[in-house]
Amino acid sequence: MTTEMQEIAITEEKPLLTGQAEAKDAELAARILLDQGQEHSIETPHGVLHVTLHGTRTTRRPAILTFHDVGLNSKSCFSPLFKFEEMQEIVKNFTLIHVDAPGQEDGAAAYPVGYQYPSMDTVAEMIPAVLQFFNFRTVIGVGVGAGAFILSKFALANPDSVEGLVLVNIDTNARGWIDWAAQKLSSVTSSLTEQILSHLFSQEELSSNTDLVQSHRELISKASNVVNIELFWKTYNSRRDLNIDRNSTFKCPVMLVVGDQAPYEDAAVECNSKLDPTTTSFLKMADAGGLPQLTQPAKLTEAFKYFIQGMGYMASSCMTRLSRSRTTSLSSSYSMDGSRSRSRTLSQGSQGGQMPPSPSQTMEVSC
């Protein structure tokens, strides 16, 4: 009797355990694919771009398209942010397209001596081929430093293809004579690695020689494609002025982000003054240094959620970090119609998050 009952139990449990194992294996395989992404080499009119896609590739919503800064690539610039726990609510709702500038991806072969690296304008002209390859009509652009400049060029030339822009450490101006002379002097007295570090990090971070600075110093100095990095660096320093003002500007909502001690703090403030105040928000982050997407992913994720909600997506999204805090506050000033302004403080209490500001308002936030 006992033996028979044991046999019946085994017969009933075996298919259930097999099904669970198969489901878990499928889930694990899907998760690995999501984490690693699908890598593509995309032919464009101006050369090949290395692109990594994460997500389901659904075109019902715009894709989130990222572009990194000099000295970084799509992985080192954005992986910590988009793998951040609270960012997953966004990641599961959008396809991510991470674009590497020519020759900047991990393992890229060094360009030969005399290679003519594409200009910033030319790199921007390569992006439409990426959208066409994945059949996306529109994107939300997220760019840092040089990547912010490139996405800005793309948005100005293709306004119907961009629904929103998040620009970190943007500098819309070409190098002036003083900057040019300083750069020439720096190229003589400092190594390429130190020049790029001074572009990426605040003076306080460099003086403190933080772990982040040390890791990026090693990353750049030991890169197998350091020749390519130098070419991208020279191209960025040879950029032309974006020539934007309130009469000739972006046609989509824009969120400007900069750390309060970042090298490009003044440039970001100047850019903010040139943009349409009815569609621009400005986020200055305290204690964020030069790379807020790496040092303050929680704050940037929260701001990004608000930005996306203001565009009409993820209306039911919960502001999880702020709703857990009873003391967090955002000091905001709003300008309506560019003529009169008022200020208010948004405090989060036990009742949860508040409705995000509309993209038709200019928001200046220090957090």
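This is a predicted model, so every value here is computed, not measured. (Residues numbered from 1 in each chain as written. Predicted model: local features only at pLDDT ≥ 70, side-chain atom pairs only at ≥ 80, totals over all residues. Heavy atoms only, no water.)

Peer 1: Please clarify how the packing of aromatic side chains should be interpreted in this entry.
Peer 2: Each aromatic ring pair is summarised here by two numbers: the centre-to-centre distance and the angle between the ring planes. According to the stated counting rule, one finds 6 aromatic pairs in the structure shown. When the ring of phenylalanine 78 is compared with that of phenylalanine 82, the centres are 6.2 Å apart and the planes differ by 55°; the resulting orientation is tilted. With a gap of 4 residues between them, phenylalanine 78 and phenylalanine 82 both fall in helix H2 (residues 74–82), about one helical turn apart. Side by side, phenylalanine 78 and phenylalanine 82 carry an identical accessibility label, which is buried. Look at tyrosine 117 and phenylalanine 232: their rings are 6.0 Å apart centre to centre, the planes differ by 35°, and that puts the pair in the tilted class. Of the two residues, tyrosine 117 is situated in the loop between strand E4 (96–100) and helix H4 (120–124) and phenylalanine 232 in helix H11 (residues 226–237); the sequence distance between them amounts to 115 residues. In this structure, tyrosine 117 and phenylalanine 232 share a single accessibility class: buried. Here a set of aromatic residues connected by ring pairs shows up, and it is made of Tyr111, Tyr115, Tyr117 and Phe232. (Phe/Tyr/Trp six-rings, centres within 6.5 Å; stacked < 30°, edge-to-face > 60°. Helix = DSSP H or I, 4+ residues; strand = E, 2+ residues; numbered from the N terminus. Buried < 20%, exposed > 50% of the residue type's maximum accessible area, 1.4 Å probe, protein only.)

Peer 1: What should I look at first to understand the environment of isoleucine 97 in this one?
Peer 2: Relative to the helices and strands, isoleucine 97 resides in strand E4. Looking at isoleucine 97, the relative accessible area reads 0%, which means it is buried. Each C-alpha atom of the pair isoleucine 97 and valine 130 lies 8.8 Å from the other, and the pair is 33 residues apart in sequence. Dropping the residues within four chain positions of it, isoleucine 97 is found in contact with Val51, Thr52, Leu53, Ala63, Ile64, Leu65, Thr66, Val130, Phe134 and Phe136. (Contact = heavy atoms within 4.5 Å.)

Peer 1: Explain unusual backbone geometry here, please?
Peer 2: Residue asparagine 209 is not a glycine yet carries a positive backbone phi of 50°. Topologically, asparagine 209 is positioned in the loop between helix H9 (203–208) and helix H10 (211–221). Overall, the relative accessible area of 30% leaves asparagine 209 in the partly exposed class. The backbone phi angle of aspartate 287 is positive, close to 55°, even though this residue is not glycine. Tracing the chain through its elements places aspartate 287 in the loop between strand E8 (280–285) and helix H13 (292–295).

Shape is all these values report; function is a separate question.
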